[in-house]
Every structure is written in structure tokens, then in C-alpha cells.
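Spelled out, the chains give:
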Amino acid sequence: MHPFASKFVLLRRLARLGAVGAILVLIGAACRFVPTIGNAVVVVGCVAILPLFVFAYVLTILHWKARYRGSHSDLWGVVLLLEASGWSKVLYLFRHVLPDMRRRGRYTQSPEA
């Protein structure tokens, strides 16, 4: 079994919750005729999206520490830890975490440990 399997399942579940939250934000923003309800729906949507962002942020650092495959480990470590905007974590998520979830690219023959 993949060492990050449970974390990947949780990421998928949080992505679904985040999608529902994004829909709620759009619905709340569209409810201009009742601003109180619209604002409440936007807040609930943002609260639903927040766990996805936090977990994806943490997962990129955990994945880099445990599973990174490549020749620039030190570079990724510095960028992930020091860069403040979060774009490097999004880039790492697409270049390393998602391929590892799908066992593609450099993670096809992934060792179990």
C-alpha cells in the first residue's frame, strides 16, 4: 500500500468539500436581493474551502520531505519553506503530489517506503 494513500483519500474528500464551498460562495455572491443570507452563504462557503487549502499546504511539505524524487531536493525545500505566497506549493502539488497520487511520471515504480 502507498504510504500516502490515506492522505490522498483525505485530499480527495476535502477537494469535494472545497468544490461545494466554491459553489456556495458563487451562490452567496449572486444573492444580492437578500444581503444577509448572501453574506452568510459566502462565509459558510469560505469555511468549507479552508480545510482544503490548509491540508494541501501541509501535504506538499510532508510529500517533499518523505517522497520527493528528483535532483533538486534542497531547492524545493528552500522554496517551499521560505516562499510566502503559496504559488510554489501549488506548483509542487501539480508537479509531484498529483503524479504520485496517480502513479505517473517519476512516481510510476514508486517504492512502498
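Because the structure is predicted, anything quoted here is derived from the model rather than measured.

From N to C terminus, the protein includes 4 helices and 0 strands. Along the protein, from the amino end to the carboxyl end, the secondary structure elements read α-α-α-α. Across the 113 residues of the protein, 35% fall into the buried class. Summarising the internal contacts of the protein: among those between residues at least 6 apart in sequence, 63% fall at separations of at least 24.

Right, let's talk about the packing of helix 1 (residues 5–30) against helix 2 (residues 35–67) for a bit. Where helix 1 contacts helix 2, the axes come no closer than 7 Å and their chain directions differ by 150 degrees. Taken together, the axes of helix 1 and helix 2 are roughly antiparallel relative to one another. For the pair helix 1 and helix 2, the sense of crossing is left-handed. Of the residues contributing to the contact of helix 1 with helix 2, the split by class is 22 nonpolar, 6 polar and 1 charged.

Formed by 17 residues in total, the largest nonpolar core has its most connected members in Phe8, Leu11, Leu59, Tyr92, Val97 and Met101. Mapped by element, the contributors of at least two residues to this core are helix 1, helix 2 and helix 4 (87–102). Leaving out residues up to four positions away in the same chain, Phe8 has contacts with His2, Leu59, His63, Val97, Asp100 and Met101.

So, on to the packing of helix 2 against helix 4. How two helices sit against one another is set out by the angle between their axes and by the gap between those axes. Closest axis-to-axis distance for the helix 2/helix 4 pair is 10 Å, and the angle between their directions is 60 degrees. One element, helix 2, and the other, helix 4, form an angle in the oblique class. Relative to helix 4, the crossing made by helix 2 is left-handed. Between helix 2 and helix 4, the residues in contact are Tyr57, Leu59, Thr60, Ile61, His63, Trp64 and Arg67 and Lys89, Tyr92, Leu93, His96, Val97 and Asp100, respectively.

Another point: the confidence of the model for the protein. When pLDDT is averaged along the protein, the result is 83, and 89% of the positions lie at 70 or above. When mean pLDDT is taken per element in the protein, helix 1 scores highest with 94 and helix 3 (residues 73–82) scores lowest with 70.

Another point: the environment of Trp76. Here Trp76 shows up in helix 3. Sequence spacing of Trp76 and Ile61 is 15 residues, and the spatial spacing of their C-alpha atoms is 9.5 Å. Filtering out sequence-adjacent residues up to four positions away, Trp76 remains in contact with Trp64, Tyr68, Ser88, Leu91, Tyr92, Arg95 and His96.

Another aspect to go through is the packing of aromatic side chains. Centre-to-centre distance and the angle between the planes together describe a pair of aromatic rings. Counted by the stated rule, this structure contains 1 aromatic pair. Against the face of Phe4 rests Lys7, its NZ or CZ located 5.2 Å from the ring centre.

What counts, and at which threshold
- Residues numbered from 1 in each chain as written.
- Predicted model: local features only at pLDDT ≥ 70, side-chain atom pairs only at ≥ 80, totals over all residues.
- Heavy atoms only, no water.
- Helix = DSSP H or I, 4+ residues; strand = E, 2+ residues; numbered from the N terminus.
- Buried < 20%, exposed > 50% of the residue type's maximum accessible area, 1.4 Å probe, protein only.
- Contact = heavy atoms within 4.5 Å.
- Axes fitted to C-alpha atoms, helices over the stretch in contact; angles between N-to-C directions.
- Parallel < 35°, antiparallel > 145°, perpendicular 65-115°, else oblique.
- Left-handed = near helix turned anticlockwise from the far one by under 90°.
- Nonpolar A, V, L, I, M, F, W, Y, C, P; charged D, E, K, R; others polar.
- Core = buried A, V, L, I, M, F, W, Y, C linked by side-chain atoms within 4.5 Å.
- pLDDT = per-residue confidence, 0-100.
- Phe/Tyr/Trp six-rings, centres within 6.5 Å; stacked < 30°, edge-to-face > 60°.
- Lys NZ or Arg CZ within 6 Å of the ring centre and 35° of its normal.

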